[in-house]
Each structure stands twice: as C-alpha cells, then as structure tokens.
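Listed here are the chains, written in short residue letters.
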Amino acid sequence: FDAVRYKHILSKHGVRVISAMQSFLNQQGPEEVILEGIFESLDEYYSRNLARETLKGMRQHIQAGFWKGGQPPFGYRLERTEEGGKRRSRLKIDEKEAALVRKIFTLYVEGFGYKNISKKLWDSREYGRSGPMQVTHIQKILVNEAYIGSSVYGKTDVLRVENTHPPIIDKEIFENNQAPGLQK
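Novice: Explain the overall build of the chain to me, and be specific about the residues and the numbers.
Specialist: Helix and strand counts for the chain stand at 6 helices and 6 strands. Counting from the amino terminus, the chain carries its helices and strands in the arrangement α-α-β-β-α-α-β-β-α-β-β-α. For a compact globule of 184 residues, the expected C-alpha radius of gyration is about 16 Å, and the chain comes in at 25 Å, more than 25% above that figure. By principal-axis analysis of the C-alpha atoms, the chain measures approximately 75 × 45 × 30 Å. Among the 184 residues that make up the chain, the fraction classed as buried is 28%. Counted over contacts in the chain with a minimum sequence separation of 6, partners at least 24 positions apart contribute 45%. Put simply, the chain shows about 12,600 Å² of open surface, and 54% of that area lies on carbon and sulfur atoms. Here the chain contributes 29 positive and 23 negative side-chain charges, whose respective centroids are spaced 5 Å apart.

Printed below as a string of structure tokens:
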C-alpha cells in the first residue's frame, strides 16, 4: 500500500521510480503494473514470513531454557553454557538478590505500598545492583513474570513461555499481587 501511495505522490511531482534490481519493470508498459504488484506482494510475503520464522526460532530458544539477551532481571544472574557448538546463557537464581525480591513480595502482601517498601529497604540498607531500590524498581519487580519462571518478550506481539528458568516467587503469590486495585 505504501509503495503505491508514494509512487503516486512522486509521479504527481514528475518523479519516476525505476528499479535497479528488476530493470524489465522500467519499460512503462501495461505489464509493468501487474509485475510490480506481484513483486511488491512477494516482498510483503517475505517480510511477514521472516517475522513468523524469527518468532518461531525465539520461542524454541526460550523453551529450551536459554536467555534471549540483555541484562538479567534482578534476582538472577547469567550462567554461560556451550551446547551444540554455541555459547548460550541460562538464568540462574542469585540467592542474595533473590532474598531481596522475596522480601519485596512479602512486604507487598503484608500491605506495604511501593514507597513504604522503598523506605523500609533504605532504612535496613538493602540495595539493588546500582544502589537504593527506588519506587519504579519495586513496581517493575512486582509485575515481572520472570519471578515465576516465565519469559515474556515484546510489547505488541507478546511472546510468553512458562517454566523457562527457576522461579523465585510462587505463582499463586505473584498472581494474587496482580489483582486490580492492589497497586499501593
């Protein structure tokens, strides 16, 4: 759709689009319209199929228990392994950090709000990786499904795979904290 629209706009301004890869499309005959549409459809198919295959590969990678990349969630560390000639990483529980994650969930269940949890951790000098646990850190921890052993990727086309790594929090405790109206 975009290709047709932009070519139409360019045409109105006297600009002709030519193809370097399909030079036979530059003849300006009536066949060019059909062939160009076929090539644009094939390009769209290729793009969508590539997205589907990439997602399928990601799902297989995650289901095998491998970490997709980036900083691991607080409470976990990466353990590097070599399998099938490839270096990969898996999430392993960092017991020191995991104890703090459990404490955050416990305090939340006990009725402490985000600010009060942050203050309580500050007062007891219990810090995250980069210093004191801010309210935003606590909010992110309390909604992150990684703590129940699930891997979630994407914002629009969400890829969610359960049981990909050891959980820190019991699933029932996590789900009870997600009920509407519990945010404090």
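Resuming the write-up.
Novice: Lay out helix α3 (residues 95-109) with the relevant residues and their values.
Specialist: Between the first and last C-alpha of α3 there are 21 Å, a value that for 15 residues agrees with the 21 Å anticipated at 1.5 Å per step. For α3, the elements touching its buried residues are β1 (76-83), β2 (86-93), α4 (114-123), β3 (127-128), α5 (135-143) and α6 (171-176). Glycine 111 sits one or two positions beyond α3 and adopts a positive phi of about 105 degrees.

Novice: Please provide a residue-by-residue account of the side chain of arginine 90, values included.
Specialist: Residue position: arginine 90 is located in strand β2. Among the polar contacts made by the side chain of arginine 90, one reaches the main-chain carbonyl oxygen of alanine 64 at a distance of 2.8 Å. Here glycine 65 takes part through its backbone oxygen, which lies 3.5 Å from a polar atom of the side chain of arginine 90. Residues within four places of arginine 90 in sequence aside, it is in contact with Ala64, Gly65, Phe66, Trp67, Arg77, Leu78, Glu79, Thr81 and Glu83.

Novice: Quick rundown of the environment of arginine 125? Include the residues and the values.
Specialist: Its location among the elements puts arginine 125 in the loop between α4 and β3. Residue class for arginine 125 comes out exposed when judged on its relative accessible area of 51%. Put simply, arginine 125 and lysine 68 are 57 residues apart on the chain and 32 Å apart in space, counted from C-alpha to C-alpha.

Novice: I'd love a proper account of the packing of α4 against α5, names of residues and values included.
Specialist: Packing of α4 against α5 brings their axes to within 9 Å, and their N-to-C directions diverge by 110 degrees. Regarding the angle of α4 to α5, the classification is roughly perpendicular. Every pair of crossing elements has a handedness; the one defined by α4 and α5 is right-handed. Facing α4, whose interface residues are Tyr114, Lys115, Ile117, Ser118 and Leu121, α5 presents Val135, Ile138, Gln139 and Leu142. In terms of residue class, the contact of α4 with α5 is built from 6 nonpolar, 2 polar and 1 charged.

Novice: An account of the pairing of β1 is requested, with residue identities and associated values reported.
Specialist: Both β1 and β2 contribute to a ladder of 8 bridges, which runs antiparallel. Residue pairing in the sheet places arginine 80 in a bridge with serine 89 of β2. Once β1 ends, the chain turns through 2 residues before running back antiparallel as β2, passing glycine 84 with a positive phi of about 60 degrees.

Novice: Give a detailed account of unusual backbone geometry, specifying residues and quantitative values.
Specialist: Although it is not a glycine, arginine 125 sits at a positive phi angle of roughly 60 degrees. Here asparagine 163, not a glycine, exhibits a phi torsion of approximately 60 degrees, which is positive. When you line up the elements, asparagine 163 lands in the loop between β6 (159-161) and α6. Residue classification places asparagine 163 among the exposed residues on the basis of a relative accessible area of 65%.

Reading the values: the criteria
- Residues numbered from 1 in each chain as written.
- Predicted model: local features only at pLDDT ≥ 70, side-chain atom pairs only at ≥ 80, totals over all residues.
- Heavy atoms only, no water.
- Helix = DSSP H or I, 4+ residues; strand = E, 2+ residues; numbered from the N terminus.
- Rg over C-alpha atoms; globule rule 2.2 N^0.38 Å.
- Buried < 20%, exposed > 50% of the residue type's maximum accessible area, 1.4 Å probe, protein only.
- Contact = heavy atoms within 4.5 Å.
- Areas by Shrake-Rupley, 256 points an atom, 1.4 Å probe, with all protein chains shown as cover.
- Lys, Arg positive; Asp, Glu negative; His and termini not counted.
- Charge placed at Lys NZ, Arg CZ, Asp CG, Glu CD.
- Expected span 1.5 Å × (residues − 1).
- Polar contact = N/O pair within 3.5 Å; in protein donor to acceptor, adjacent residues only side chain to side chain.
- Axes fitted to C-alpha atoms, helices over the stretch in contact; angles between N-to-C directions.
- Parallel < 35°, antiparallel > 145°, perpendicular 65-115°, else oblique.
- Left-handed = near helix turned anticlockwise from the far one by under 90°.
- Nonpolar A, V, L, I, M, F, W, Y, C, P; charged D, E, K, R; others polar.
- Pairing = 2+ DSSP bridges.

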